[in-house]
Amino acid sequence: MSYVPSTIEERREMLGALGMQDFKDLYRDVPAGMLLDHPLDIPHGMSELEVTRAVTAMAAKNTVFPTVLRGAGAYDHYIPSIVKSVVSKEEFLTTYTPYQAELSQGVLQSIFEFQTMICELTGMDVANASVYDGASAAAEAATMCRDRKRHVTLVSGAANPDVINTVRTYCLGANAEMQVVPVKDGKTDMEALKAMLNADVASFYVQQPNFFGQFEDAEALGAAVHEAGAMFVMGVNPITLGVVKSPAACGADVAVGEGQPLGMPLSFGGPYLGFMATTTKNMRRLPGRIVGETVDDQGRRCYVLSLQAREQHIRREKASSNICSNQALCALTASVYLSAVGPEGLAEVGRQCMAKAHYLCKALTALEGVELVYTGDFFHEFVTTLPKCDEVLAALEQNGILGGLPVEGGVLWCATEKVSREQLDKTVEIVKEVLAK
Amino acid sequence: MKLIFEKSIKGHHLDLLPACDVETVEVPAALKREELPALPEMSEVELSRHFTELSKQVFGVNVGFYPLGSCTMKYNPRVDEDMAALPGFTGVHPLAPAYSVAGCREALDTAAKYLCEISGMDGMTFQPAAGAHGEFTGVMLIKQYHMSRGDTARTKIIVPDSAHGTNPATAAMCGYQVVNIASAPNGCVDLEALKAALGPDTAGLMLTNPNTVGIFDENILEITRLVHEAGGLCYYDGANLNAVMGVVRPGDMGFDCIHMNLHKTFATPHGGGGPGAGAVGCKAFLKEFLPASALMEGPGHIQVRSFAGNFLVVVKALTYLLTLGCEGVPKAAQNAVLNANYLLHRIKGTFEPAFDRVCMHEFVLDLAAFKKETGVSALDVAKCLIDYGMHPPTMYFPLIVHEALMLEPTETETKDTLDQAAEVYRKLYELGHTDPEYMHHAPHNTPIGRPDDVRATRTPVVRWQKA
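Just so it is clear, the structure is predicted and the values come from calculations on it, not from any experiment. (Residues numbered from 1 in each chain as written. Chains lettered and ligands numbered in written order. Predicted model: local features only at pLDDT ≥ 70, side-chain atom pairs only at ≥ 80, totals over all residues. Heavy atoms only, no water.)

Draft legend 1. Layout of the environment of G274 of chain A. Residues and elements named next belong to chain A. Here G274 is to be found in strand β10 (residues 274-278). Sequence separation of G274 and L360 is 86 residues, and the distance between their C-alpha atoms is 29 Å. Excluding its chain neighbours within four sequence positions, the residues that come into contact with G274 are S130, V131, Y132, D133, G134, A137 and G257. (Helix = DSSP H or I, 4+ residues; strand = E, 2+ residues; numbered from the N terminus. Contact = heavy atoms within 4.5 Å.)

Draft legend 2. Representation of the pattern of salt bridges in the model. The final tally for this structure, using the stated rule, is 32 salt bridges over all chains. With its nearest N and O atoms 3.4 Å apart, the salt bridge here joins D151 of chain B to R149 of chain B. Residue D151 of chain B is classed as buried on the basis of its relative accessible area, which comes to 18%. Several salt bridges share partner residues, and in doing so they unite E13 of chain A together with R346, K415 and D419 of chain B into one network. (Salt bridge = Lys/Arg side-chain N within 4 Å of Asp/Glu carboxyl O. Buried < 20%, exposed > 50% of the residue type's maximum accessible area, 1.4 Å probe, protein only.)

Draft legend 3. Broad picture of the sheet that holds strand β8 (residues 352-353) of chain B. Residue and element names in this part refer to chain B. Strand order in the open sheet formed by 4 strands is β8-β9-β11-β10, with antiparallel pairing between adjacent strands. Either end of the sheet is taken by a strand with one partner, and the two such strands are β8 and β10 (394-395). Looking at chain direction, strand β9 (residues 363-366) and strand β11 (residues 404-407) are connected through 4 bridges and run antiparallel. Each residue of the ladder has a partner; that of D366, found in β11, is A404. The strands touched by helix α13 (residues 378-387) are β10 and β11; relative to β11, the strand with the most contacts, the crossing angle is about 40 degrees. (Pairing = 2+ DSSP bridges. Axes fitted to C-alpha atoms, helices over the stretch in contact; angles between N-to-C directions.)

Draft legend 4. Molecular detail of helix α2 (residues 48-59) of chain A. The terminal C-alpha atoms of α2 of chain A, which comprises 12 residues, lie 16 Å apart, in line with the 16 Å expected from a rise of 1.5 Å per residue. If you check which residues of α2 of chain A are buried, you get V51, V55, M58 and A59 of chain A. Looking down the long axis of α2 of chain A, one finds its buried residues gathered within 100 degrees of arc, a one-sided arrangement. Opposite the buried face of α2 of chain A, at more than 90 degrees from it, the exposed residues are L49 and R53 of chain A. Those residues of α2 of chain A that are buried lie in contact with α3 (78-84), α4 (87-90), α5 (102-119) and α11 (311-347) of chain B. (Expected span 1.5 Å × (residues − 1). Arc of directions from axis to C-beta.)

Draft legend 5. Representation of the packing of α2 of chain A against α11 of chain B. At a minimum axis separation of 10 Å, α2 of chain A and α11 of chain B run at an interaxial angle of 140 degrees. Classified by the interaxial angle, the pair formed by α2 of chain A and α11 of chain B is oblique. The way α2 of chain A lies across α11 of chain B gives a crossing that is right-handed. Residues V51, V55 and M58 of chain A of α2 of chain A form the contact with α11 of chain B, whose own contacting residues are V315, L318, T319, L322 and T323 of chain B. For the contact of α2 of chain A with α11 of chain B, a count of residues per class yields 6 nonpolar, 2 polar and no charged. (Parallel < 35°, antiparallel > 145°, perpendicular 65-115°, else oblique. Left-handed = near helix turned anticlockwise from the far one by under 90°. Nonpolar A, V, L, I, M, F, W, Y, C, P; charged D, E, K, R; others polar.)

Below, the structure is given as structure tokens:
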């Protein structure tokens, strides 16, 4: 099956209209030696029923753990049904980028609403229509902060390793220098940061909460960065922003982050959602699409892709980024999620995540041999030592629980609003059992 | 349409979670948020209606003919969506233990195998999330390759002036100087211009074939040979792969690395601008430079985004490839080319093709003479098409054709649709001569007319604000 609707007769008719006999005539400009003279070495095509069998069989080889206590950049939150139903509407799913404003006010307005919501969460003045994910958003932020004089990017060593590595790659591309600020007690080492700040530094990136789950002293870090004349970039988890101070309130110049917690399932890593927001002062440095409000020729309010002079299709090699698209459907997902939970709901999700994680932490660290590795305040992730780590995790997995992620020095646990007290108690019970053996 | 914030009513909400069953904990005072963010407050019925209202002002592939040149708006099969929604895929954490994600690994490996076969490559990554992201990855393979050889003299990337804007932007992002070479009058690469641009400072060439005017460059083997001779590598922009998949392979054209747009050629939905996937393939000697995730695979590789990429998008493309199989892949390409040539044939005699010859999967109309005659521009024609229930084609691209309209019908359109579309284009050609004024103010039948772009840029309003 190839989704070609026409019959052999219709195709013959069309070829005939062109004065051709055969499909080969269409490729007469291709040097003969280059045409494939044998079938592709892939299996024969299948009917829809056969395809569903084959792909379903693949999915069945995965284990879906009903209880997920692992985060590290991908979080298991409850996704309201309205979210899934809206984003599966065929119009939203199959439409292209809204270049023709008269035909696509639905998409443009939904992006404008998304931009507004991201500004509300982060306290910033302008947000773009989204980028690929949180890691590339951090990398794009580093790029937007660099200029002729300042070309060094500082990144906290307490950030997610995938983020650090992505920023490193983008810096490598730009022939710019990246330095990692050391970690002390699970947080950015303030003294080390101060020693590394100088007139060459364009920006410093910190993750809040950081990879180890710890709350960073964002305001103090930001103040040090600004004193050195550099820009302060914060990578934030949006699920915290109903109860945690916004990046703007902490003095950030640019706020970025991973939007996956806002209605996107774990999906083995993607598709996810990067968001970027900044102050009015830095608006024209922001890469990616931005939707703006205007009026039409009859004065009716409408929305358009705006400020396009920043972008690749206008500036080509002078563009600050090559980014051409966004993650539109994922941005819509986030908008529906944020609208479904609302302000009180988002705060409640945040509160429950914190509550469940602290409950789990208390119960686990009451067990012999299980100790907190980093003792600062945390949101919903924490690192403990864990004796017999492999055995414990295996026992948990056999009981449908994906335990914390093994990291250096211990295990990085996570609990979200989705986990019940019962599941948490069961987890602790199993850990206790294995440790007691 | 009212904004969602304008429909918000205090106290309206959904009941999504039970009360917290454990003791609550306070955010440390220094980090506590003072004011809740001004998100909308709505019930589920109000949400349902708001997004339905928005969806009614969206033109999807399910609505009508969508011949956007270079975008390959082919039909997005429903079964691909169902497979990507399987809980066995959506419920899997990227950092779950290897034994528990065997199905994900099989899906990625199988997709890689098939795409390597189609493209003539030896290695593949699905980490890039979009075409431009794939371009960045591909050019970084070239950069790492030259770095590994200690060759620091290669500072330039050659790009034809017909290239998509992402190509030079990508080269700049990778620290290269861009050398633009003028295309020959037939729209293809000017071999003399290429020879003049090549040298010991050439890192590589970025090219798409068929090119952005829908023509297969018959000199392609010579082009890639010349670049290799100068010590550079050849990068293939796979945006136009739909014309030749299963018929010709980029690997056989002499390319060293490529990106493919799974959301174009392999039928995954565009979603309004993403998520897509820019799969990047390479020959064996470049495999060591492919990106990987620090968390999943450990350090030592470049990385362009977290984890393994847009996994669910790969599942959709895989489902599509399993459906098409070895016969369906070339069949799709051949019919994409047939449909484009047929549509061009039916329009001929009215709007002028930029290049009067057999095209590949897309063709460009040159409205410069038409505009001179009637005063009606390519933009006016595009806006008029909206009133006929058709999505306009790509406008003003590539830059080497003035007043360009680029049409790519794809293989999933019926002959009837093509006949009807041709009729509309012929009608508009006549209308340009009889009533140009009407066309200058099109569209007439849409909820909004032409927006004031200038005002949007001069006085940016980029968010809603509480009064």
